[in-house]
Amino acid sequence: MELKVRVMAYNFLPYDEQQLYLLPASIVEWVKDDSLARFVGETVDLLDRRDQLQGFYAGYRKDGWGHPAYHPRMLVKVLVYGYSVGVTSSRKLAAGCENEVALRYLTANQQPDFRTISDFRKEHLSALNELFEEVLGLCQEAGLVKLGRVALDGRKVAGNAALDQNRDEGWLKEEARKLLAEAERVDAEEDERYGKERRGDELPKGLRRREERGKRLEAALDRIEEKKRQAAVKQERKIEKRRTEEEETGRKKRGRKPKDPETAALEAAKKTKANVTDPESRILKTRRGWVQGYNGQAAAECDNQVIVAQDVTQEENDVRQLGPLLKRCEQQAGGRPSEILADAGYWSEENAKLESAETELFIATTKDWKQRQAMRDAPPPRGRIPNGLSARERMERKLLTKRGRETYKQRGSTIEPVFGQMVMRGLVRFKLRGLKKVRAEWSLWCTTHNLLKLWRSGWRARQVVDDEVVVVSPG
């Protein structure tokens, strides 16, 4: 018996890998009008038209001679978009310029290699720092920056260096001696091979790596020498203070006699270690243990988490960063906030003196959990402020008032999410080495944080007819 099978046709959209475009494709149509890639492109174009990207043009010839280079505006877009979506590796960015629609749109189908992207980032550190202020200016135009209530904190970020690569002075000197002996051996071999007056056709293999390692060893030794010098100066001041007090009182002070400056310097050197991978990085304590890295500082608006000031320091704690961050706010945002919220890491009698009629300080004097417990348990103080209170007691009293409680409560919900958002985008460790380069990289992270806030606010910069730029504000 013959069986008849009924075959039904599938209802699929036409699919043909060999299909040609009937009309030339426009790269502008590859991305949505409200996409982040379109926003980054329009915003960078606006800054360029306002001549606010001139720092990125430095180093290029103006006479038109030489091999043509990739346009700096395009490379800025690649870096800004990459950090905005958490792609910071120059190799991954280069691959994205081939495979990712958004990056192909931003590069206009050009494909810079990873070395071009990496070198551009390293060669324009100052311009990357300035870019933060330019984007912050756009946030001000959009009405996102009011410099009212601002919260600040520090984030300790691992550097491009291993924690186990810290060495003491003895190891560094021995390694430097070995490196010098190796260089002398290579020189002797070259003299025998090429003659004392000839260099040879090419550099010996591995010479550049030895030179770079030698520079890092020298920088590490310089750090230990600086620690020794600081310890000696501190001890000299201590001895001088003791001598002055004895002369004024006419009798010798009791207790152990201070060590001489040289002994203090040697003891400081024994306790000090320097990292041979990145000598400018420091050993920092975090909630999850120790890291070899840097301390990134940021201050953000409580209303919308826009960063109004940022910097990077090598300091292990935040206590000496309040003053510098206030100055950075004046430089980067054009003024001081009316209120500053900070945790106990910023508390000191000296910092309390920074309060003025322009800026009121709300700084915790104890750890956050103790501060929260005090706010729960202690009733709000009433009446006039008692006379004779110390700066610490006055601050503790202010934080326990109803206004102080409501104000300080905004600190944790403002600045900590800012760092959390950066971590979610990929800020686990810095890619560059050295304080100057890390400052530029941190600035780029903060710049893209603000750019994302600006994008989500609805602010747009559009190019329209006759090459005029129209700024469209939210609403």
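None of the values given here were measured: they were computed from a predicted structure. (Residues numbered from 1 in each chain as written. Predicted model: local features only at pLDDT ≥ 70, side-chain atom pairs only at ≥ 80, totals over all residues. Heavy atoms only, no water.)

### Comments concerning the packing of helix H1 (residues 36–49) against helix H6 (residues 125–141)
Here's step 1: Direction vectors running N to C along H1 and H6 enclose 105°, while the axes themselves pass 11 Å from each other. Considered as vectors, H1 and H6 are oriented roughly perpendicular to each other. Contacts between H1 and H6 involve Thr43, Leu46 and Leu47 from the former and Leu131, Glu134, Val135 and Leu138 from the latter.
Here's step 2: Partitioning the contact of H1 with H6 into residue classes produces five nonpolar, one polar and one charged. (Axes fitted to C-alpha atoms, helices over the stretch in contact; angles between N-to-C directions. Helix = DSSP H or I, 4+ residues; strand = E, 2+ residues; numbered from the N terminus. Parallel < 35°, antiparallel > 145°, perpendicular 65-115°, else oblique. Contact = heavy atoms within 4.5 Å. Nonpolar A, V, L, I, M, F, W, Y, C, P; charged D, E, K, R; others polar.)

### What to know about the nonpolar core
Here's step 1: In terms of nonpolar packing, the biggest core is built from 92 residues, with Val308 and Trp442 touching the most fellow members.
Here's step 2: For this core, the leading source of residues is helix H16 (residues 435–457), giving 10 residues.
Here's step 3: The residues touching Trp442, leaving out its near neighbours within four places in the chain, are Arg155, Val157, Gly296, Gln297, Ala298, Gln310, Asp311, Val312, Phe419, Met422, Leu427 and Phe430. (Core = buried A, V, L, I, M, F, W, Y, C linked by side-chain atoms within 4.5 Å. Buried < 20%, exposed > 50% of the residue type's maximum accessible area, 1.4 Å probe, protein only.)

### Let's talk about the pairing of strand E6 (residues 307–313)
Here's step 1: With seven of its seven residues buried, E6 lies for the most part within the structure.
Here's step 2: Pairing between strand E5 (residues 289–301) and E6: six bridges, direction antiparallel. Within the sheet, the bridge partner assigned to Ala299 lies in E6 and is Ala309.
Here's step 3: The turn joining E5 and E6, which pair antiparallel and follow one another in sequence, is formed by five residues; a positive phi near 65° is taken by Gln305. (Pairing = 2+ DSSP bridges.)

### Overview of a positive patch on the surface
Here's step 1: Positive charge collects at one region of the surface, where Arg91, Arg115, Lys122, Arg433 and Lys437 lie side by side.
Here's step 2: For Lys437, the location among the structural elements is in helix H16.
Here's step 3: For Lys437, a relative accessible area of 30% gives the class partly exposed. (Patch = residues over 30% accessible without salt bridge, like charges linked within 9 Å, V, L, I, M, F, W, Y side chains within 5 Å. Areas by Shrake-Rupley, 256 points an atom, 1.4 Å probe, with all protein chains shown as cover. Salt bridge = Lys/Arg side-chain N within 4 Å of Asp/Glu carboxyl O. Lys, Arg positive; Asp, Glu negative; His and termini not counted. Charge placed at Lys NZ, Arg CZ, Asp CG, Glu CD.)

### Some points on the packing of aromatic side chains
Each aromatic ring pair is described using two quantities: the centre-to-centre distance and the angle formed by the ring planes.
Here's step 1: All told, the structure shown has six aromatic pairs when counted by the stated rule.
Here's step 2: With 5.8 Å between their ring centres and 15° between their planes, Phe56 and Phe120 make a pair best called stacked. With Phe56 in the loop between H1 and helix H2 (72–84) and Phe120 in helix H5 (residues 114–123), this pair connects stretches of sequence that are 64 residues apart. Note on accessibility: Phe56 and Phe120 belong to one class, buried. (Phe/Tyr/Trp six-rings, centres within 6.5 Å; stacked < 30°, edge-to-face > 60°.)

### Describing the side chain of Gln297
Here's step 1: If you trace the backbone, Gln297 turns up in strand E5.
Here's step 2: Overall, Gln297 belongs to the buried group, its relative accessible area being 2%.
Here's step 3: Within polar-contact distance, the side chain of Gln297 engages the side chain of Asn295 at 3.1 Å.
Here's step 4: A polar side-chain atom of Gln297 sits 2.5 Å from a polar atom in the side chain of Tyr346.
Here's step 5: Apart from residues no more than four positions distant in its own chain, Gln297 is found in contact with Asp153, Gly154, Ala309, Gln310, Asp311, Thr313, Asp318, Gln321, Leu325, Tyr346 and Trp442. (Polar contact = N/O pair within 3.5 Å; in protein donor to acceptor, adjacent residues only side chain to side chain.)

### Examining the pattern of salt bridges
Here's step 1: This structure, assessed with the given rule, holds 21 salt bridges.
Here's step 2: Here Asp33 and Arg38 are joined by a salt bridge, their closest N and O atoms 3.3 Å apart.
Here's step 3: The partner of Asp45 in a salt bridge is Lys77, and the shortest N-O contact between them spans 2.9 Å. Taken together, the positions of Asp45 in helix H1 and Lys77 in helix H2 put the pair 32 residues apart, joining distant regions of the chain.
Here's step 4: A relative accessible area of 18% places Asp45 in the buried class.
Here's step 5: Residue Lys77 is classed as buried on the basis of its relative accessible area, which comes to 9%.
Here's step 6: Via salt bridges that share partners, Arg149, Glu339, Glu355, Glu360, Lys398 and Arg403 belong to a single interconnected network.

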